[in-house]
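# Fold and geometry: a report
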Amino acid sequence: MAVLIDMPKLSDTMTEGRILSWYKSEGDRVDAGDAIAEIESDKAAMELECFEEGTLLKILVPSDTDVPIGDPIAIIGQPGEDTDAILKEALEKKESSPPLVEEKEANTKLARSQENRVEKLRVSPSARRLAKERGIDLNHVQGTGPDGRIIKQDIDTYLERAGSTETESDSTGFTDVPLSSIRAVIAERLPQSLGPVPHYYLEIDVDAAPLLTWKDRCQDADKETKITVTDLLIQACATALQRYPYVNGRFVGNAVRLSSTVNIALAVSTEAGLLAPTLHSCESKSISEIAWERSRLVEKAHQGKLSPDEMANGTFTISNLGMMGIPRFSAVINPPQAAILAVGSIRDEAVVEEGRIVAGKRMGLTLSCDHRVFDGAEGAKFLSCLKELLEKSKDNS
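Described in the following lines is the structure provided in the data block. These numbers come from a predicted model, not from an experiment. Along each chain, residue indices are assigned from 1 in the same order as the chain's sequence is written. For this predicted model, a pLDDT threshold of at least 70 governs which residues receive local features, and a threshold of 80 or more governs which side-chain atom pairs are given and counted, while totals over whole chains, interfaces and linings are taken from all residues. Just so you know, side-chain values use all the structure's heavy atoms and leave hydrogens and water out.

## Here we look at the pattern of salt bridges
As a reminder of what qualifies: What counts as a salt bridge is simple: a side-chain nitrogen of Lys or Arg found within 4 Å of a carboxyl oxygen of Asp or Glu. Only DSSP runs of H or I covering at least 4 residues are called helices, and only runs of E covering at least 2 are called strands; the numbering of each starts at the N terminus. Buried means the residue's accessible area, taken with a 1.4 Å probe over protein chains only, is under 20% of the maximum for its type, while exposed means over 50%, and partly exposed covers the values in between.
Taken as a whole and judged by the stated rule, the model has 19 salt bridges. Across the pair arginine 328 and aspartate 205 runs a salt bridge, and its minimum N-O distance is 2.6 Å. Of this pair, arginine 328 sits in the loop between strand S16 (316–320) and strand S17 (339–353) while aspartate 205 sits in strand S9 (residues 199–207), placing them 123 residues apart in sequence. Here aspartate 205 falls in the partly exposed class, since its relative accessible area comes to 26%. Between glutamate 310 and lysine 300 there is a salt bridge, with its nearest N and O atoms 3.0 Å apart. Of this pair, glutamate 310 sits in the loop between helix H9 (287–303) and S16 while lysine 300 sits in helix H9; the two residues are 10 residues apart in sequence, bridging distant segments of the chain. Here the salt bridges share partners, and the residues they tie into one network are Glu203, Asp205, Arg328, Arg347 and Glu349.

Take a look at the structure:
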């Protein structure tokens, strides 16, 4: 019997996915476990594996189309099986379904006159976002989606008729670059974070000379794995977070939820946007284990191949811009976490030791905190503990 393949929910924050490409064509054989398409979620691009066996009877959504989670995108069944009934089911399944690739249905929608449109415009999230970016009045756009819903393709068609975006950009000296799915989510979520989350910031300087000594000693002990300052920060943060668990907690409305494990997310800048792969249970990992996993996750982030599990359940985030020469900065908390540590560059600086001015190395740390979860004293104790751990290289192993 033919079955519908729906757009899956690939992350806890995903509301829609974009089909980047189809690996299979209509009529192709599909086995359980086959990748049939590449989908971009709000966090990464990944392959969509099929758990059904049969023939790809119908592709309901073309490539480069945004689809709400749960909406049908394809039909799999036996060769020659009638898909009319299941197509009807697909149309009725959700009022907000994406456009079905069926000429008869598309022609019907295109022929619908402006007078017959519903009073309240029905617009997909991606179409509404694109229209806002381009300054388009949606009342002037003809919707071709189910029930006259305006979809992204309708905005593209409107722009083509009005003159290409590139032509308009060239004439004004500007070029508009459409947001990727990941960048669009960043643009949507970060203002939400700054709104309801009452941020405050704590800063501290760390003597980085012992930290560099610790890194060299760890590297000497493990020639096969590249050890970085970030790896040492992860391990030190894991220890400090166990001692001050509220910094590792989250606000859940009427309570503060404390985590039994330390799952540290790393802010990684990629071509697609900012991703945050997560190292789970850092409190039980050695430096070599942390370094190996950090390297693997960062590489997968740049390749766009992170799985949902590899970006889930973070309890604390580290954002390190030191390698880019930034001496100090403040980062925005990644909800629902309660804190993020911003790490600046290791800089040469004149310091006073025992009444003498000597050459030293310093590193600036800034902790962004959610005041609902812990107050300044708790955050200060955490930073002091972290500073002590990083500076006591002789005790680190």
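Continuing now.
## Quick look at the pairing of S17
Applied cut-off: Here, strands pair whenever DSSP counts at least two bridges between them.
Here S16 pairs with S17 via 4 bridges, running parallel. Bridging from a neighbouring strand, threonine 317 pairs with isoleucine 340 of S17. For S17 and strand S18 (residues 356–370), the ladder comprises 13 bridges, and the chain directions are antiparallel. Each residue of the ladder has a partner; that of valine 352, found in S18, is isoleucine 357. Hairpin connection, S17 to S18: the antiparallel pair is bridged by 2 residues, and glutamate 354 has positive phi, about 55 degrees.

## Topic: the sheet that holds strand S15 (residues 278–279)
Note the following rule: In what follows, a contact means two residues having at least one pair of non-hydrogen atoms within 4.5 Å. Fitted lines through C-alpha atoms give the axes, limited to the stretch in contact for helices. The angle between two N-to-C directions lies from 0 to 180 degrees.
Spatially, the 6 strands line up as an open sheet ordered S9-S18-S17-S16-S12-S15, and their pairing is mixed. Unpaired on one side and paired on the other, S9 and S15 mark the two borders of the sheet. Against the sheet, helix H7 (residues 208–221) makes contact with S9, S17 and S18, and its axis sits at roughly 85 degrees relative to S18, the strand it touches most. Its contacts with the sheet put helix H10 (residues 376–391) on S9, S16, S17 and S18, and the angle it makes with S9 is roughly 20 degrees.

## Thoughts on the state of the cysteines
Which entries qualify depends on this criterion: The term disulfide is used for any two cysteine sulfur atoms that are within 2.5 Å.
Here the structure, examined in full by the defined rule, presents 0 disulfides. A disulfide-free cysteine, cysteine 385 has its sulfur positioned 9.7 Å from the sulfur of cysteine 237, the nearest such atom.

## Concerning the environment of methionine 311
Mapped onto the secondary structure, methionine 311 falls in the loop between H9 and S16. The spacing of methionine 311 and histidine 280 is 31 residues in sequence and 9.8 Å in space, taken between C-alpha atoms.

## As for H9
Applicable threshold: Expected helix span is given by 1.5 Å per residue-to-residue step, counting one fewer step than there are residues.
Look at H9: 24 Å from first C-alpha to last across 17 residues, which is about the 24 Å you get at 1.5 Å a residue. Three or more residues of H9 are buried, namely Ile287, Ile290, Ala291, Glu293, Arg294, Leu297 and Ala301. Buried positions along H9 lie against H7, helix H8 (229–243), strand S12 (264–266), strand S13 (268–270), strand S14 (273–275) and S15.

## Some thoughts on unusual backbone geometry
With an omega dihedral of 5 degrees, the bond running from proline 335 to proline 336 counts as a cis peptide bond. Mapped onto the secondary structure, proline 336 falls in the loop between S16 and S17. Phi at aspartate 64 takes a positive value of approximately 60 degrees, unusual for a residue other than glycine. Tracing the backbone shows aspartate 64 in the loop between strand S6 (54–59) and strand S7 (65–68). For aspartate 64, a relative accessible area of 45% translates into the label partly exposed. The phi angle at serine 281 is positive, at roughly 55 degrees, despite the residue not being glycine.

## Topic: the packing of H8 against H9
Rules: An angle below 35 degrees is read as roughly parallel, one above 145 as roughly antiparallel, one from 65 to 115 as roughly perpendicular, and any other as oblique. Handedness of each helix crossing follows the sense of rotation of the near helix against the far helix: counterclockwise by less than a right angle gives left-handed, clockwise gives right-handed. Classes in brief: Ala, Val, Leu, Ile, Met, Phe, Trp, Tyr, Cys and Pro nonpolar; Asp, Glu, Lys and Arg charged; the others, Gly included, polar.
Taken N-terminus to C-terminus, the directions of H8 and H9 make an angle of 120 degrees; their axes are 9 Å apart at the nearest point. Classified by the interaxial angle, the pair formed by H8 and H9 is oblique. You can see that H8 and H9 cross each other, and the crossing is right-handed. On H9, the residues touching Asp231, Leu232, Ile234 and Gln235 of H8 are Ile287, Ile290, Ala291 and Arg294. Of the residues assigned to the contact of H8 with H9, the class counts are 5 nonpolar, 1 polar and 2 charged.

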